[in-house]
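# Observations on the model geometry
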Amino acid sequence: MARSKWILPAVLIAVDAATLEQEIEFKAVLERMESDVLALRDEIERVYQYRCDLSTLDDCGYNNYNDCSSTYPIEECIVQNDYALQCGDGKACTASWDKSQSEISIPASLALETGGNPSDPEIIESVCYTKLAEPYLVEKYEEDTKY
């Protein structure tokens, strides 16, 4: 009987230790998320300064891609089972894709110009200046895949 009196407290101590360890790990994940969000905020604020630069707007027009109508530098064909989006004949290749390039998708209701481009200057500006954050986002992604 005396032995069973010691088993229950030992189990409770083990559970408490495991719970404490999980709590510490959870707090570490939350701290990293907060740090990542603040770093992203800082990067967006940094690139926002360049939103009206002529070079930002000029470069933008030649560096945004649409998966149905663009020719990508390193283009791959996406088969129908991978994505529901229908492009081309919809059988052999449902969409073009290039994992080395960012893609901007704009709702049809906002893409009223030729080639499915937006007409609203604020949308154009936002697309163009946020593209400046792409190197940061790529680097952050590669860094986080190690985490």
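Residues numbered from 1 in each chain as written. Predicted model: local features only at pLDDT ≥ 70, side-chain atom pairs only at ≥ 80, totals over all residues. Heavy atoms only, no water.

## Quick word on the overall build of the protein chain
This is how the line gets drawn: Helix and strand assignments come from DSSP, with helices taken as H or I runs of at least 4 residues and strands as E runs of at least 2, each series counted from the N terminus. Only protein chains enter the accessibility calculation, which uses a 1.4 Å probe. A residue is then buried if its area is under 20% of the maximum for its type, exposed if over 50%, and partly exposed in between. Only heavy atoms enter the contact rule, under which two residues are in contact if any of them lie within 4.5 Å. Accessible areas in this description were obtained via Shrake-Rupley with a 1.4 Å probe; residue shielding takes into account the shown protein chains only.
Scanning the protein chain from terminus to terminus reveals 4 helices and 2 strands. Mapped in sequence order, the helices and strands of the protein chain form the string α-α-β-β-α-α. With 147 residues in all, the protein chain has 17% of them scored as buried. Here the contacts in the protein chain between residues at least 6 apart in sequence split such that 50% fall between residues at least 24 apart. Of the roughly 11300 Å² of accessible surface on the protein chain, a fraction of 58% belongs to carbon and sulfur atoms.

## So, the packing of aromatic side chains
Our working definition: Each aromatic pair joins two rings of Phe, Tyr and Trp (for Trp, the six-membered one) with centres within 6.5 Å, and gets the label stacked for planes under 30 degrees apart, edge-to-face for over 60, and tilted for any other angle. Geometrically, a charge over a ring is one whose NZ (Lys) or CZ (Arg) sits within 6 Å of the ring centre while staying within 35 degrees of the ring normal.
According to the stated counting rule, one finds 1 aromatic pair in the structure shown. Ring geometry for Y48 versus Y129: centroids 5.2 Å apart, planes at 80°, classification edge-to-face. On the criterion of sequence distance, the pair formed by Y48 in helix α1 (residues 2-48) and Y129 in helix α3 (residues 121-131) is long-range, its members being 81 residues apart. Owing to a relative accessible area of 38%, Y48 belongs among the partly exposed residues under this scheme. The cationic tip of R51 hangs over the ring face of Y48; the distance from NZ or CZ to the ring centre is 3.8 Å.

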